[in-house]
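What follows is the residue order along each chain.
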Amino acid sequence: METNMSNMIPLCAGSSEKHDTVCIFGTGDFGRSLGCKMLQCGYSVVFGSRNPGASSLLPKGAEVLGHKEAAKRASIVILAIHRDHYEFLTELTDVLDGKVLVDVSNNLKINQYPESNAQYLAQLIPRAKVVKAFNTVSAWALQSGTLDASRQVFVCGDDQKSKQMVMDIVRTLGLTPLDQGSLLVAKEVENYPLQLFPMWRLPIYIATCLTVFVFLYCLLTDVIYTYVLEGRDISFRTAISIPNKVFPIVSLTMLGLVYLPGIIASILQLYRGTKYSRFPNWLDQWMLCRKQLGLVALAFAFLHVLYTLVIPIRYYVKWRSNYYVINQIKKNETSVFETKAAWRTDSYIALGMLGFLFYVILGITSLPSVSNVVNWREFRFVQSKLGYLTLLLCTGHTLIFGWDKFLYTSRYRWYLPLPYMLSLVIPCIVLVIKFVLMTPCVDKTITKIRQGWERSPKSAEQSTYKNGSIAV
Ligand code: NAP
């Protein structure tokens, strides 16, 4: 969030529409950028600074005074200073009494202090109305106008009127205020910009573990097995052949994992006979990262497509096909055209291509810019109906690829199942249970439960609805 913008001299043409005067303490990067934006939007800005005469980088049209004089000029004071320097504010208690103090500060680490910066500020100036806002917007975004990524401003505070005043400013600046509640939420709001891809952690972790496991499995049953039992070195297969087995297996397993939590949730709701009961935490976390799971799965599917496209130009493939043809010529033989084999290969390729197309559609519709323009029903249609269709097509692609290979015990190296069989476990479980859940009698009960029906008064009593926490 912190951006060095000390070399940028802002040009701030004021808007014709005039708003109240706002005081900003601190003439650093953030104070200057916010002040400039406010001037552009028609606010009068007065800066409170330790050295009012010193700053040459301030936006034109803004006044710079000492802290006390500046605070007297406005009912809202935005503190664009670091928490470590808040202590000097205690000397201004009289002048800050009853004013709206906006805390924009961030920390360097998650949960750096026992209390949030905003709560600390409220303790320092107990009679001021503290509101937390703007900490998720960067100084750079405010000045450069590239606000798309940080258009949302989380606002929280105990005084409703003060919060409204700050939210009005946020709206006037062209940003979107999101009321998060009381000042108790400030810690969460302060931790938010410090988080590093929280929703991606579980999917990346699953993908890494799966990739390593499947890679080692294929290495064992392919390269190591051949070397140990036949004495042949086929280690070159680790570059393309084995990864091209690993990617589809990981991709299909992860796609299955996208739909498995929904299935578990349905079973739980059926079992409990109510939707007003919380899911276990692990299931909640799993459901929340389904989009990221799906996108990682799509990335693996892309890799599978790329690796498959290069097959014809591989040295080994060209050598093997030449060898086969030359051998036939030498023996004066012609291999018979097998319609069944042609059907099988064409079918699995066709299913794979269709599956990939729907996979891509799913990925595209999960992007915020696309999902924002479809309504809830359309979104559910794509993510649920097309999602299951994708899972079905990709599972069909794998089943036809495997065909009857599973019948031949000679193919089971060291009694281990064939690698492609691993990828079918979760998708097949998901599809079979989904099929059962779709049968009219089960589906009717689930629909009723999701509309608020409860099986017995006992489940209603147990429901956490009364405690104010409702499960989706
Ligand atoms: P900065 O460039 O270091 O500016 C901080 C300002 O605080 C200084 O320019 C100074 O202004 C004032 N200050 C410094 N020491 C002080 C002291 N001992 N007593 C009183 N005032 C003092 O920092 P910044 O990047 O503008 O960040 C300011 C606040 O905004 C921080 O809490 C930061 O977490 C938050 N924030 C920043 C960004 C960002 O992108 N930069 C984004 C979101 C939130 P004077 O010299 O005028 O007194």
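This section reports on the structure supplied with the text. Since we're looking at a predicted model, the values are computed, not measured.

Topic: the overall build of the protein chain
- The number of helices and strands found in the protein chain is 18 helices and eight strands.
- A globule of 472 residues ought to have a C-alpha radius of gyration of about 23 Å, yet the protein chain, at 31 Å, is considerably larger.
- With the principal axes as the frame, the protein chain shows a C-alpha extent of 100 × 65 × 40 Å.
- Across the 472 residues of the protein chain, 42% fall into the buried class.
- For the protein chain, the proportion of contacts with a sequence separation of at least 24, taken over those separated by at least 6, is 72%.
- Here the protein chain displays about 26,400 Å² of accessible surface, and carbon together with sulfur accounts for 61% of that area.

What about a nonpolar patch on the surface?
- Where nonpolar side chains cluster on the molecular surface, the patch consists of Leu-220, Ile-224, Tyr-227, Val-228, Leu-229 and Trp-414 and spans about 570 Å² of accessible area.
- As for its placement among the helices and strands, Leu-220 is situated in helix α8 (residues 201-230).

Observations concerning the pairing of strand β4 (residues 76-79)
- Burial along β4 is two-sided: the residues Ile-76 and Ile-78 and Val-77 and Leu-79 are all buried.
- With four bridges joining them, strand β1 (residues 21-25) and β4 adopt parallel strand pairing. When the bridges of β4 are listed, Val-22 appears paired with Ile-76.
- The pairing of β4 with strand β5 (residues 100-103) spans four bridges and is classified as parallel. Bridge assignment links Ile-78 to a residue of β5, and that residue is Val-102.

A word on helix α10 (residues 281-288)
- Within α10, burial applies to Leu-283, Asp-284, Trp-286 and Met-287. All buried residues of α10 project into a common sector of 165° when viewed along the axis, lining one side. Across α10 from its buried face, at more than 90 degrees, point the exposed residues Asn-281 and Leu-288.
- Close packing links the buried residues of α10 with α8, α9 (243-272) and α11 (290-309).

Describing the packing of aromatic side chains
- Applying the stated criterion across every chain yields a total of 15 aromatic pairs.
- Plain terms: the ring middles of Phe-25 and Phe-88 are 6.3 Å apart, the flat faces sit at 35° to each other, and that makes the pair tilted. Residue Phe-25 is found in strand β1, and its partner Phe-88 is found in the loop between β4 and α3 (93-96); the two are separated by 63 residues along the sequence.
- Judged by relative accessible area, Phe-25 falls into the buried class, the value being 0%.
- Both rings, one in Phe-302 and one in Phe-356, keep their centres 5.1 Å apart while their planes meet at 90°; by these two values the pair is edge-to-face. Of this pair, Phe-302 sits in helix α11 while Phe-356 sits in helix α13 (residues 339-365), placing them 54 residues apart in sequence.
- Taken together, Phe-247, Phe-300 and Tyr-307 form an aromatic cluster joined through their ring pairs.
- In this structure, Arg-83 packs its charged tip against the face of Tyr-120, placed 4.2 Å from the ring centre.

Observations concerning the side chain of Arg-314
- Among the structural elements, Arg-314 can be located in the loop between α11 and α12 (315-331).
- Among buried charged residues, Arg-314 stands out as having no salt bridge; its nearest opposite-charge side chain is Asp-222, 9.1 Å away.
- There is a polar contact of 3.1 Å between the side chain of Arg-314 and the side chain of Ser-241.
- Dropping the residues within four chain positions of it, Arg-314 is found in contact with Phe-236, Ile-240 and Ser-241.

Topic: the pattern of salt bridges
- Under the counting rule described, the total for this entry stands at 13 salt bridges.
- Of the charged contacts, one joins Arg-32 and Asp-29 as a salt bridge, the two residues approaching to 3.3 Å between their closest N and O atoms. Placement of both Arg-32 and Asp-29 in helix α1 (residues 29-40) is noted, with a separation of three residues, approximately one turn of the helix.
- Across the salt bridge formed by Asp-103 and Lys-132, the nearest N and O atoms sit 2.4 Å from each other. Taken together, the residues Asp-103 in strand β5 and Lys-132 in strand β6 (residues 129-132) connect sequence positions 29 residues apart.
- Overlapping salt bridges, with partners in common, bring together Asp-222, Arg-237, Lys-245 and Arg-413 in one network.

Digging into the nonpolar core
- Judged by nonpolar contacts, the single largest core of 50 residues is most densely connected at Met-254, Tyr-259 and Leu-391.
- Counting residues per element, the ones that place at least two in this core are α8, α9, α10, α11, α13, α15 (376-402), α16 (419-437) and α17 (440-450).
- The biggest single contributor to this core is α9, with 14 residues.
- In contact with Met-254, other than residues within four places in its own chain, are Pro-203, Ile-206, Ala-207, Leu-210, Leu-293, Val-296 and Ala-297.
- Ranked by size, the runner-up nonpolar core spans 32 residues in total, among them Ile-24, Leu-58, Val-100 and Val-102.

A look at empty space enclosed by the protein
- A complete count under the given rule lists one cavity of 30 Å³ or more for this structure.
- In this structure, the largest cavity spans a volume of roughly 40 Å³.
- As for the largest cavity, its lining consists of Asn-107, Asn-111, Gln-112, Tyr-113, Glu-115, Ser-116, Lys-187, Glu-190 and Asn-191.
- In terms of residue class, the lining of the largest cavity is built from one nonpolar, five polar and three charged.

A short note on the packing of α13 against α15
- Remark: α13 packs on α15, axes separated minimally by 8 Å, with the N-to-C direction vectors making an angle of 155°. Our classification of the angle between α13 and α15 gives roughly antiparallel. Like other packed secondary-structure pairs, α13 and α15 cross with a definite hand, here left-handed.
- Considered class by class, the residues forming the contact of α13 with α15 number 16 nonpolar, nine polar and one charged.

About the criteria used
Residues numbered from 1 in each chain as written. Predicted model: local features only at pLDDT ≥ 70, side-chain atom pairs only at ≥ 80, totals over all residues. Heavy atoms only, no water. Helix = DSSP H or I, 4+ residues; strand = E, 2+ residues; numbered from the N terminus. Rg over C-alpha atoms; globule rule 2.2 N^0.38 Å. Buried < 20%, exposed > 50% of the residue type's maximum accessible area, 1.4 Å probe, protein only. Contact = heavy atoms within 4.5 Å. Areas by Shrake-Rupley, 256 points an atom, 1.4 Å probe, with all protein chains shown as cover. Patch = residues over 30% accessible without salt bridge, like charges linked within 9 Å, V, L, I, M, F, W, Y side chains within 5 Å. Salt bridge = Lys/Arg side-chain N within 4 Å of Asp/Glu carboxyl O. Pairing = 2+ DSSP bridges. Arc of directions from axis to C-beta. Phe/Tyr/Trp six-rings, centres within 6.5 Å; stacked < 30°, edge-to-face > 60°. Lys NZ or Arg CZ within 6 Å of the ring centre and 35° of its normal. Lys, Arg positive; Asp, Glu negative; His and termini not counted. Polar contact = N/O pair within 3.5 Å; in protein donor to acceptor, adjacent residues only side chain to side chain. Core = buried A, V, L, I, M, F, W, Y, C linked by side-chain atoms within 4.5 Å. 1 Å grid on protein atoms, 1.4 Å probe; cavity = no way out; pocket = protein on both sides within 12 Å on 5 of 7 lines; lining within 4 Å. Points joined across faces, edges and corners; volume = space filled by probe spheres on them. Nonpolar A, V, L, I, M, F, W, Y, C, P; charged D, E, K, R; others polar. Axes fitted to C-alpha atoms, helices over the stretch in contact; angles between N-to-C directions. Parallel < 35°, antiparallel > 145°, perpendicular 65-115°, else oblique. Left-handed = near helix turned anticlockwise from the far one by under 90°.

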